[in-house]
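Residue-level structural notes
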Amino acid sequence: MKPLSTITIIALLAAPLALASCGSVPTTQAEMNTKMDEVGPQAKKEIANMIAKDSTLKPLVDEAYGVIVFPSVASGALILGGQGGDGVVFKGGQPWGLAKLAAGSIGFQIGGETFSELVIMKDEDAFNMV
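Because the structure is predicted, anything quoted here is derived from the model rather than measured. (Residues numbered from 1 in each chain as written. Predicted model: local features only at pLDDT ≥ 70, side-chain atom pairs only at ≥ 80, totals over all residues. Heavy atoms only, no water.)

**Details of the overall build of the protein**
Across its full length, the protein holds 4 helices and 2 strands. Expressed as a percentage of the 130 residues in the protein, the buried residues total 28%. For the protein, contacts bridging at least 24 residues in sequence account for 65% of all contacts bridging at least 6. Here the protein displays about 8600 Å² of accessible surface, and carbon together with sulfur accounts for 61% of that area. (Helix = DSSP H or I, 4+ residues; strand = E, 2+ residues; numbered from the N terminus. Buried < 20%, exposed > 50% of the residue type's maximum accessible area, 1.4 Å probe, protein only. Contact = heavy atoms within 4.5 Å. Areas by Shrake-Rupley, 256 points an atom, 1.4 Å probe, with all protein chains shown as cover.)

**Some thoughts on the pairing of strand β2 (residues 94-121)**
With 23 bridges joining them, strand β1 (residues 66-91) and β2 adopt antiparallel strand pairing. Each bridged residue has a counterpart across the sheet, and for Ile-68 the counterpart in β2 is Val-119. In textbook terms, the turn of a hairpin is the stretch between consecutive antiparallel strands, and for β1 and β2 this stretch comprises 2 residues, one of which, Gly-92, has a positive phi near 60°. (Pairing = 2+ DSSP bridges.)

**Regarding the nonpolar core**
One finds Ile-47, Val-67, Val-69, Val-88 and Phe-90 to be the most contacted residues of the largest nonpolar core, which totals 13 residues. When contributions to this core are tallied by element, the ones reaching two or more residues are α2 (29-53), α3 (57-63) and β1. When residues of this core are assigned to their parent elements, the largest contribution, 6 residues, is made by α2. Apart from the residues within four sequence positions on either side, Val-67 is in contact with Ile-47, Val-61, Val-88, Val-89, Phe-90, Leu-118, Val-119, Ile-120 and Met-121. Val-73, Ala-99, Met-121 and Phe-127 belong to the second-largest nonpolar core, a separate cluster that totals 8 residues. (Core = buried A, V, L, I, M, F, W, Y, C linked by side-chain atoms within 4.5 Å.)

**Some words on the confidence of the model for the protein**
Across the protein, the average pLDDT comes to 83, with 81% of residues at or above 70. Confidence drops under a pLDDT of 50 for residues 11-21, and excluding neighbours within four residues, the segment shows 21 contacts in the predicted structure. (pLDDT = per-residue confidence, 0-100.)

**Observations regarding the packing of aromatic side chains**
With the rule as written, the count across this model stands at 2 aromatic pairs. Here the aromatic rings of Trp-96 and Phe-127 are separated by 5.0 Å at their centres, their planes lie at 75°, and the arrangement is edge-to-face. Residue Trp-96 is found in strand β2, and its partner Phe-127 is found in helix α4 (residues 124-129); the two are separated by 31 residues along the sequence. Aromatic ring contacts, followed pair by pair, group Tyr-65, Trp-96 and Phe-127 into a single cluster. (Phe/Tyr/Trp six-rings, centres within 6.5 Å; stacked < 30°, edge-to-face > 60°.)

**Comments concerning the side chain of Lys-35**
One can find Lys-35 in helix α2. Sequence-distant contacts of Lys-35, that is, excluding residues within four places in its chain, are made with Pro-26, Gly-40, Asp-86 and Leu-98.

In structure tokens, the structure reads:
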């Protein structure tokens with residue numbers, strides 16, 4: 001059997017990073033509405049699940065100027081790693097917009113997982129920095 005070339009090995013290792021950055025960003029109002037209809041209910045449900053697991057989150061979420069919820073973030077790595085997910089931005093408890101999470105890493109790592117993420121923005125300054 002012929003050994004793999006260096007380029008082939010790099011391409012195979014880069015796959016998790018490339019997959020993390022895949023996915024389209026809505027560019028029209030119709031696409032935004034469709035994406036919000038898809039992710040919005042999942043985000044609301046995930047906030048309720050998080051509060052059910054840790055009741056100390058409720059006052060933080062209720063008093064926050066805004067929150068971002070990523071109901072499902074996928075992460076995978078084989079030397080090169082990547083993670084990504086779609087989320088919803090809530091302002092004053094109401095859906096305000098969409099968010100996309102994408103990250104990459106390099107180093108000794110292997111594995112994969114999915115998780116949810118909640119970002120709490122206490123005031124308008126924090127909200128505007130995101």
